[in-house]
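Spelled out, the chains give:
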Amino acid sequence: MNFAVESGVKSMGSGVEMRKNQTLICAPLMADSVDQVVVLMHTAKLKGADIVEIRLDHLKSFNGRADIEKLIRECPLPTLFTYRPIWEGGQYDGDENSRFNALRLAMELGADHIDIELKAAHEFNNFIRGNKPEKCKVIVSSHNYDNTPSAEDLGNLVARIQAAGADIVKFATTALDITDVVRVFQIMVHSQYINLQIPIIAMVMGERGLISRILCPKFGGYLTFGTLEPGKVSAPGQPTIDELVNIFNLRLIDTDTRVFGIIGKPVSHSKSPKLYNAAFKAAGFNGVYVHLLVDDVPKFFETYSSTDFSGFSITIPHKEVALALCDEVDPTAKAIGAVNCVIRRPTDGHLFGCNTDYIGAISAIEDGLLGSHHGPTGAGSPLAGKLFVVIGAGGAGKALAYGAKRKGAKVVIANRTYDRARELAEIVGGQALSLAELGDFHPESGMILANTTSIGMQPKVEETPVPKEALRHYKLVFDAVYTPKITRLLREAEEMGAKIVTGVEMFIGQAYEQYERFTGLPAPKQLFKDIVN
Ligand code: NAP
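Residues numbered from 1 in each chain as written. Predicted model: local features only at pLDDT ≥ 70, side-chain atom pairs only at ≥ 80, totals over all residues. Heavy atoms only, no water.

(A) The overall build of the protein chain, seen in detail. Summing up its helical and strand segments, the protein chain has 18 helices and 20 strands in all. The principal-axis extents of the C-alpha atoms in the protein chain amount to approximately 85 × 50 × 40 Å. Residues counted as buried form 57% of the 533 residues belonging to the protein chain. Considering only contacts within the protein chain whose residues lie at least 6 apart along the sequence, 69% involve residues at least 24 apart. Accessible surface for the protein chain amounts to roughly 21400 Å². Of this, 50% is attributable to carbon and sulfur atoms. For the protein chain, the centre of its 56 positive side-chain charges and the centre of its 61 negative side-chain charges are spaced 3 Å apart. (Helix = DSSP H or I, 4+ residues; strand = E, 2+ residues; numbered from the N terminus. Buried < 20%, exposed > 50% of the residue type's maximum accessible area, 1.4 Å probe, protein only. Contact = heavy atoms within 4.5 Å. Areas by Shrake-Rupley, 256 points an atom, 1.4 Å probe, with all protein chains shown as cover. Lys, Arg positive; Asp, Glu negative; His and termini not counted. Charge placed at Lys NZ, Arg CZ, Asp CG, Glu CD.)

Structure, rendered in structure tokens:
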């Protein structure tokens, strides 16, 4: 449904970009003074916004008609005026008459949209007595900062908003779990099917609701909010315009776009969306790759069971749970006991799991030992006969231990939970240590060390799993952590004379393989390297 063509768009933000949907990007503008808002309007246009939301409730001084006239006159984009009261999550704490008067003035003076809360809509309608300029669209909005109601309750809410005289329905709820968002998608799709001739803005607030903001063009949403700067949000979880346009390729999303993503907790640090979306765009592949902050993996797979949700990278702490949920698992992943990639078969929706961490990490370490950049060497691996110490016994730890063993190394596993180290050592035929024993462990020189725990990862960058002194016994030290690229462990290893291999190299290696499985296309290797390095 071509909602946005009705919106009276003055001009598109960046003008020349290709777009496959009509969903607008709206920049919420919050500032102390009208002059500051005017500056922000121009920034919004430069950044690629289609429309600006002027938050009158954030102005420290507000001079009615003169200010509204100026705001409309100077705005290079279509406008949406919002004067949000405290009782709906805004800043305005004055009387309703003054608030309604400002919104009525905005309508009369040429605003393209105004926003009125559902709770106040009836009163506002009485206040304006049906005098509404044709040009101005009234958004009737409802905000729920506690949760996301049932599909039935959301359906009733949309009906109430529509009955309150909305030209555009808006509701924002809060995601307690990522699966809450599906109900909002269902409402959007359902509204189109029943031919509800009314545009919908539907957002789910919070990090767990992020996909509602990115995927809304797929489900016909009228607009999505994008901020000018990170963190300068008008509601929790808003991405920046730059992220929407340049990382998630929002303009290229349509109803057929296949959804991929990284399932983890935490997950916001992941660079995978940047990598895959750039590659999808370069190849003309109709897909989008998003962060998926998942608490409960079984519930996630059960809820997002449509084949539109086509493939997933799996990260901390879900790699083992995900394996158990797959209908079919690649034998290597089964042996490792963890999957980092799950593909939903388009024909029957079956989940196929595999592990690309193993190839990514081992080939990066082999390259490091050989001092070159060719692929794994099979029988002639430089790992053969080496003592290979793996710190960690989770998904990445298992992949590294399994891979090193296959290459003929003697494997030692050290883990915080000793029992897990012992279990893994038994499976791969190696030795187990506690983390405390690692400092004094040096049965031979020229050993290889691989950290596969999150120790040293942002924000705790000052942490390291091994005392610096102990690093003198290692020929090569690898760290799976890739934020930051050079961890304290790697910095100290280099100072002690070891070669180092970063998690970035593993990350690129495992991503090549996943990309090819997701798309059936060869991975653009140079592009991946350029983006990550
Ligand atoms: P996982 O399955 O959850 O395993 C986590 C491991 O880290 C477990 O052995 C855990 O020990 C240990 N651990 C966690 N916090 C610890 C702490 N504070 N002190 C000591 N040990 C701790 O996670 P994963 O998927 O294997 O990922 C592990 C790390 O590798 C993450 O930093 C991830 O970002 C990184 N990684 C990087 C790449 C890449 O491409 N560069 C790929 C995969 C993973 P317990 O058993 O005692 O809980």
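Now, onward.
(B) View of the nonpolar core. With 107 residues, the main nonpolar core has Phe81, Ile114 and Phe171 as its most contacted residues. Residue-level mapping places this core at the junction of two domains, with at least three residues from each of domain 1 (24-255) and domain 2 (274-355 + 510-532). Each residue touching phenylalanine 171, except ones within four places of it in the same chain, is listed here: Ser142, Leu154, Leu157, Val158, Ile161, Val184, Ile187, Ile200, Ile201, Ala202 and Met203. Grouped together as the second largest cluster of nonpolar side chains are 32 residues, Ile365, Ala399, Ala404 and Leu424 included. (Core = buried A, V, L, I, M, F, W, Y, C linked by side-chain atoms within 4.5 Å. Domains from an automatic or database assignment.)

(C) Quick peek at the UniProt feature "domain: Shikimate dehydrogenase substrate binding N-terminal" (unreviewed entry) in the protein chain. Following the UniProt record, the feature "domain: Shikimate dehydrogenase substrate binding N-terminal" (unreviewed entry) maps to residues 262-342 here. Regarding residues 262-342, the helix share stands at 40% and the strand share at 25%, and the terminal C-alpha atoms are separated by 10 Å. (UniProt positions renumbered as here; feature names shortened; annotations may be inferred.)

(D) The arrangement of the sheet that holds strand 9 (residues 258-264) in detail. Spatial ordering of the open sheet is given by 10-9-11-13-14-12, a layout of six strands whose pairing is mixed. In this open sheet, the two edge strands, each paired with only one partner strand, are strand 10 (287-293) and strand 12 (328-329). Where strand 9 and strand 10 come together, seven bridges link them in parallel fashion. In the sheet register, arginine 258 faces strand 10, and the bridge partner there is glycine 287. The strands touched by helix 9 (residues 272-283) within the sheet are strand 9, strand 10 and strand 11 (309-314), with strand 10 carrying the most contacts at an inclination of about 170 degrees. (Pairing = 2+ DSSP bridges. Axes fitted to C-alpha atoms, helices over the stretch in contact; angles between N-to-C directions.)

(E) Fine view of the pattern of salt bridges. For the structure on display, the rule yields 32 salt bridges. The salt bridge partner of aspartate 35 is lysine 70, with a shortest N-O separation of 2.6 Å. Linking aspartate 35 in helix 1 (residues 34-47) with lysine 70 in helix 2 (residues 64-74), this pair joins segments that are 35 residues apart in sequence. What makes lysine 70 partly exposed here is its relative accessible area of 24%. The closest approach of N and O atoms between aspartate 112 and lysine 135, which form a salt bridge, is 3.4 Å. With aspartate 112 in the loop between helix 3 (96-108) and strand 4 (113-117) and lysine 135 in the loop between helix 4 (118-128) and strand 5 (137-143), this pair connects stretches of sequence that are 23 residues apart. Relative accessible area serves as the criterion here: at 2%, aspartate 112 is assigned to the buried category. Via salt bridges that share partners, Arg84, Glu96, Arg99, Asp115 and Glu117 belong to a single interconnected network. (Salt bridge = Lys/Arg side-chain N within 4 Å of Asp/Glu carboxyl O.)

(F) Layout of the domain arrangement of the protein chain. Each domain of the protein chain was delimited in the assignment, giving domain 1 (24-255), domain 2 (274-355 + 510-532) and domain 3 (364-501). Spacing between the C-alpha centres of domain 1 and domain 3 amounts to 50 Å.

(G) Representation of the site of the ligand. Neighbouring the ligand are 27 residues, the closest being Ile316, Ala396, Asn415, Thr417 and Arg420. The contact in question runs from an oxygen atom of the ligand to an N or O atom on the side chain of asparagine 415, over 2.8 Å. Between alanine 480 and the ligand, the recorded distance is 2.9 Å, taken from a backbone N or O atom to a nitrogen atom. Compared with its free state, where it exposes 920 Å², the ligand has 86% of that area covered by protein. The site holding the ligand turns out to be the largest pocket. Elements with a minimum of two residues in the shell around the ligand: helix 11 (319-325), helix 14 (395-406) and helix 17 (503-519). Grouping the amino acids of the shell around the ligand by side-chain chemistry returns 12 nonpolar, 10 polar and five charged. Inspection of the shell around the ligand shows a minimum of three residues originating in each of domain 2 (274-355 + 510-532) and domain 3 (364-501). (Near = heavy atom within 4 Å. Polar contact = N/O pair within 3.5 Å; in protein donor to acceptor, adjacent residues only side chain to side chain. 1 Å grid on protein atoms, 1.4 Å probe; cavity = no way out; pocket = protein on both sides within 12 Å on 5 of 7 lines; lining within 4 Å. Sits in = over half its atoms within 2 Å of the grid points. Nonpolar A, V, L, I, M, F, W, Y, C, P; charged D, E, K, R; others polar.)

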